[in-house]
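# Observations on the three-dimensional arrangement
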Amino acid sequence: MNYKSHIYGGVAVWLHAGAALSIGVNDMLVTAPVAIVGALTPDLDHPKSRIGSLVPFLSRPISALIGHRGFSHSGLCVLAMALAFSHLVLMDYPDWTLFVQAWLIGYLSHMLCDAFTARGVPLLWPNRARWRVPLIWIRTGREPEMWYVLIMLMLGLQAFVATVGGAQPYYVLLWQMAQDSPGWPWVESYLLNPLRALTVIGG
Ligand SMILES: [Zn+2]
C-alpha cells in the first residue's frame, strides 16, 4: 500500500480505538499525528517508500539487513516495541500511555492494511508464511486500495462520533442485527464470527 493509504488506514484504526477506549476529542486530536507516524514506520524497511526516502541513512541499512515486509511487519516487532515502551517510557512517564497506545495501534494498522494486499504480512516472522485477510486482495497503488481505506475511515468516523455523542457505533448495531437475524447465514459467518473472535481477544 502507498503512504496515503497507510495514513488514512492509521487514522481509521485509531478512530476505532478512540471509540472502543472512550478517548475524548482533544486527546484524539493530540495523539493522531503519533498514530500516523506509527502507521508509516513499518515501511522504513523500504528505501523507496515515502518514509524510507525521507531518512535514507536509516532505510538503506534496515532494508539490507531485514528486507521489505520482514521483521518490521511482524508480531515480534510489535511485541518488542510494546515491551520496550512499557519498560523504558511508561515506568517513568505513565502520562505518556495514550501516546504509546497511539503509536502501537497506528503501527498495527499498517500491518492490518498490508494484510489486505496480495503480498500479505509475515505475522509470525521469522516464519516465512504470509498472512492475508481472505476477503479482498488489493494490488498496491490500484484504485480499490483507496476505496478500502476510505470505507475504513468512514466507519472509524462513525464509530468515534457516535460514541462521543452517546449513540451506538456501527459494529454494535451490526452485532445486534446479526443476533436478531439468525436466519442470515452470511451475517453469522462474515460479521458475527469475526466479532466473536475480536471479543475473545479484547476480553
Ligand atoms: Zn508495509
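On a predicted model such as this, the values are computed, not experimentally measured, just so you know.

## Quick look at the environment of Val37
With respect to the element layout, Val37 can be found in helix H2 (residues 25–40). Taking the C-beta count within 10 Å as the criterion, Val37 has 16 such neighbours and is therefore assigned partly exposed. Val37 sits 70 residues away from Tyr107 along the chain, and the two C-alpha atoms are 8.1 Å apart.

## A few points about the environment of Ala129
By the secondary structure assignment, Ala129 is in the loop between helix H6 (97–115) and helix H7 (143–164). For Ala129, a count of 10 C-beta atoms within 10 Å gives the class exposed.

## Quick notes on the packing of helix H1 (residues 3–20) against H6
Their axes nearest at 8 Å, the elements H1 and H6 cross at an angle of 125 degrees. What the angle tells us is that H1 and H6 run oblique. As for how H1 packs across H6, the hand of that crossing is right-handed. Along its contact with H1, which presents Ser5, His6, Gly9, Gly10, Val13, Trp14 and Ala17, the element H6 presents Ala102, Ile105, Gly106, Ser109, His110, Leu112 and Cys113. Of the residues contributing to the contact of H1 with H6, the split by class is seven nonpolar, seven polar and no charged.

## Considering the nonpolar core
With 28 residues, the main nonpolar core has Val11, Ala12, Trp14, Leu15, Ala35 and Ala102 as its most contacted residues. Going through the elements one at a time, H1, H2, H6 and H7 are the ones with two or more residues in this core. When residues in this core are grouped by element, the largest group, nine residues, is from H1. Setting aside chain neighbours within four positions, we find Val11 in contact with Ala32, Ala35, Ile36, Leu153 and Gly156.

## So, the UniProt feature "transmembrane region" (unreviewed entry) in the chain
Per the UniProt record, the feature "transmembrane region" (unreviewed entry) sits at residues 70–90, 102–125 and 146–167. Regarding residues 70–90, the helix share stands at 71% and the strand share at 0%, and the terminal C-alpha atoms are separated by 27 Å. Helix makes up 86% of residues 146–167 and strand makes up 0%, while its end C-alpha atoms are separated by 28 Å.

Parameters at a glance
Going along each chain's sequence as written, the residues are numbered from 1 onward. Residue-level local features of this predicted model are given only where pLDDT is at least 70; pairs of side-chain atoms are given and counted only at 80 or more, and the full residue set underlies all totals for whole chains, interfaces and linings. For helices the rule is a DSSP run of H or I covering at least 4 residues; for strands it is a run of E covering at least 2, with both sets numbered from the N terminus onward. Here a residue counts as buried when 20 or more other C-beta atoms fall within 10 Å of its C-beta, as exposed when 12 or fewer do, and as partly exposed in between; the C-beta atoms come from the backbone. Comment: axis = line fitted to C-alpha atoms, over the contacting stretch for helices; angle = value between 0 and 180 degrees taken between N-to-C directions. Our angle categories are set so that under 35 degrees counts as roughly parallel, over 145 as roughly antiparallel, 65 to 115 as roughly perpendicular, and the remainder as oblique. By definition, any crossing whose near helix is turned counterclockwise from its far helix by less than a right angle is left-handed, and any crossing with a clockwise turn is right-handed. In this description, a residue-residue contact is defined by the distance between C-beta atoms placed from the backbone, which must lie within 7 Å. Under the scheme applied here, ten amino acids are nonpolar (Ala, Val, Leu, Ile, Met, Phe, Trp, Tyr, Cys and Pro), four are charged (Asp, Glu, Lys and Arg), and all others, including Gly, are polar. Think of a nonpolar core as buried Ala, Val, Leu, Ile, Met, Phe, Trp, Tyr and Cys residues chained together by C-beta atoms that fall within 7 Å. UniProt positions are given in the numbering used here, feature names are shortened, and annotations may be inferred rather than shown by experiment.

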